[in-house]
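# Overview (structure and organization)
If you want the building blocks of each chain, they are given just below.
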Amino acid sequence: MPKHERWNTLLELLAASGKLEVEEAASTLDVSAATIRRDLDELAEQQLLVRTRGGAVAHGVSYELPLRYKSTRHAPQKRRIAEAAADLVAPGEVVGLNGGTTTTEVARALALRFASGRPEGPGAAAPTGPALTVVTNALNIAGELAVRPQIKIVTTGGVARPQTYELVGPLTVGVLNEVVLDVVVLGVDGVDPHLGVMAHQEDEASISRLFAERASRVVVVTDSSKLGRRAFARICGLDRIDLLVTDTDITPEAAAQLAEAGVEVLTV
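Notes on the structure in this doc start here. What you see is a predicted model, and the numbers here were worked out from it, not measured in a lab.

### Describing the overall build of the protein chain
A tally of regular secondary structure across the protein chain gives ten helices and 15 strands. Across the protein chain, the fraction of contacts at a sequence separation of at least 24, relative to all contacts at a separation of at least 6, is 65%. Total accessible area computed for the protein chain in this model is approximately 12,500 Å², and 52% of it derives from carbon and sulfur atoms.

### Observations concerning the pairing of strand β12 (residues 215–221)
Taking burial as the measure, the seven residues of β12 include five buried ones, the bulk of the element. Relative to β12, strand β9 (residues 181–187) is paired through six bridges, and the arrangement is parallel. Its bridge partner being in β12, Leu186 is matched across the sheet by Val220. Here β12 pairs with strand β14 (residues 243–246) via three bridges, running parallel. Within β14, the position partnered with Val221 by the bridge is Val245.

### A word on the environment of Lys3
Tracing the chain through its elements places Lys3 in helix α1 (residues 3–17). Once the C-alpha coordinates of Lys3 and Asp39 are considered, the two residues, 36 residues apart in sequence, prove to be 8.0 Å apart. Among the polar contacts listed, one links the side chain of Lys3 to the side chain of Glu42, at a separation of 3.1 Å.

### Quick word on the sheet that holds strand β3 (residues 55–57)
Strand order across the open sheet formed by three strands is β1-β3-β2, with antiparallel pairing between neighbours. Each having just a single partner strand, β1 (19–21) and β2 (50–52) make up the two edges of the open sheet. Strand-to-strand twist of the sheet, defined as the mean angle between neighbouring strand axes without regard to direction, takes the value 20 degrees. The pairing of β2 with β3 spans three bridges and is antiparallel.

### Remarks on the packing of helix α5 (residues 75–86) against helix α6 (residues 101–113)
At a minimum axis separation of 8 Å, α5 and α6 run at an interaxial angle of 50 degrees. Classified by the angle between their axes, α5 and α6 sit oblique to one another. Here the hand of the crossing between α5 and α6 comes out right-handed. Residues Lys78, Arg79, Ile81, Ala82, Glu83, Ala85 and Ala86 of α5 pack against Thr101, Thr102, Glu105, Val106, Ala109, Leu110 and Arg113 of α6. Of the residues belonging to the contact of α5 with α6, the class tally is seven nonpolar, two polar and five charged.

### Structural notes on unusual backbone geometry
Unlike most non-glycine residues, Asp30 shows phi in positive territory, near 60 degrees. Tracing the backbone shows Asp30 in the loop between α2 (22–29) and α3 (33–45). Judged by its relative accessible area of 69%, Asp30 falls in the exposed class.

### Considerations on the pattern of salt bridges
Going through the model one piece at a time under the given rule, you end up with ten salt bridges. The partner of Lys3 in a salt bridge is Glu42, with the nearest N and O atoms 3.1 Å apart. Pair noted here: Lys3 is in helix α1 and Glu42 is in helix α3, with a separation of 39 residues, a long-range link. For Arg51, the salt bridge identified is with Asp41, shortest N-O distance 2.8 Å. Here Arg51, found in strand β2, pairs with Asp41, found in helix α3; they are ten residues apart in sequence, far enough to count as distant.

### Examining the side chain of Lys226
As for its placement among the helices and strands, Lys226 is situated in the loop between β12 and β13 (233–236). Of the polar contacts made by the side chain of Lys226, one reaches the backbone oxygen of Val188; its length is 3.1 Å. When sequence neighbours within four positions are dropped, the list of residues in contact with Lys226 reads Val188, Asp189, Gly190 and Val191.

### Re the sheet that holds strand β11 (residues 196–199)
If you walk across this open sheet you meet the three strands as β10-β11-β13, and the pairing is antiparallel. If you trace the sheet from one side to the other, it starts and ends with β10 (190–192) and β13, each paired once. The mean inter-strand angle of the sheet, taken between neighbouring strand axes irrespective of direction, is 40 degrees. Both β10 and β11 contribute to a ladder of three bridges, which runs antiparallel. Looking at β11, one finds that Val191 is bridged to Val197. Where helix α9 (residues 202–213) meets the sheet, it contacts β11 and β13, and its direction lies at approximately 5 degrees from that of β13.

Conventions used here
Residues numbered from 1 in each chain as written. Predicted model: local features only at pLDDT ≥ 70, side-chain atom pairs only at ≥ 80, totals over all residues. Heavy atoms only, no water. Helix = DSSP H or I, 4+ residues; strand = E, 2+ residues; numbered from the N terminus. Contact = heavy atoms within 4.5 Å. Areas by Shrake-Rupley, 256 points an atom, 1.4 Å probe, with all protein chains shown as cover. Buried < 20%, exposed > 50% of the residue type's maximum accessible area, 1.4 Å probe, protein only. Pairing = 2+ DSSP bridges. Polar contact = N/O pair within 3.5 Å; in protein donor to acceptor, adjacent residues only side chain to side chain. Axes fitted to C-alpha atoms, helices over the stretch in contact; angles between N-to-C directions. Parallel < 35°, antiparallel > 145°, perpendicular 65-115°, else oblique. Left-handed = near helix turned anticlockwise from the far one by under 90°. Nonpolar A, V, L, I, M, F, W, Y, C, P; charged D, E, K, R; others polar. Salt bridge = Lys/Arg side-chain N within 4 Å of Asp/Glu carboxyl O.

Written as structure tokens, this is what we have:
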């Protein structure tokens with residue numbers, strides 16, 4: 001198994017349980033204990049975990065994988081979800097995107113969909129203005145879309161979080177309070193049938209909540225592994241969600257709970 005795959009797996013195991021034992025991890029990954037020790041030492045040097053005698057523990061109570069390590073998880077599902085979400089956006093609309101791996105895929109799908117500007121039909125008037133306006137607090141999304149001349153990019157100010165590249169804080173709030181969105185596409189860390197949608201970090205949750213408040217339509221994009229999962233900070237209740245887009249691995253129980261909560265679900 002290549003090193004980057006081992007690191008991804010080790011960090012996922014750590015995110016799930018909060019701690020790792022060398023011998024157990026070595027057995028799970030079918031490698032030597034010496035290899036796991038070296039991996040944990042290198043990950044500790046990057047401040048992605050804390051080494052302990054015989055293993056490692058996560059940083060803090062609410063552990064969050066850096067974006068670069070989360071991007072490979074459920075990648076095919078995230079691309080399908082992103083394409084379906086992008087198809088919901090009409091030409092000329094103002095779209096809000098928060099940070100995350102799935103919303104990053106949505107940004108890429110939007111770039112492809114509007115690659116040639118506004119879709120035109122027979123007898124359509126010449127296009128005026130941008131094909132699409134994207135408002136985002138995610139630096140990586142802004143960077144990818146900034147080279148697309150047909151898309152107008154509006155970035156918020158704020159303090160950058162290194163794990164997710166999201167801008168947060170009063171400067172972010174100030175910009176979002178001055179804009180109106182047609183639709184916001186939100187990536188989340190958990191969806192609970194009673195508590196709603198959630199994020200690991202309270203500052204990111206508050207910005208995502210403001211995104212939802214500024215939008216006429218709220219679309220949540222998430223792979224099915226996050227359904228029924230809780231995270232530390234609440235974004236909003238399910239009653240604020242117009243549509244949830246997920247993959248076909250959603251369990252019958254999760255589908256029934258969302259339906260009972262009145263959430264429209266699109267599976268792809």
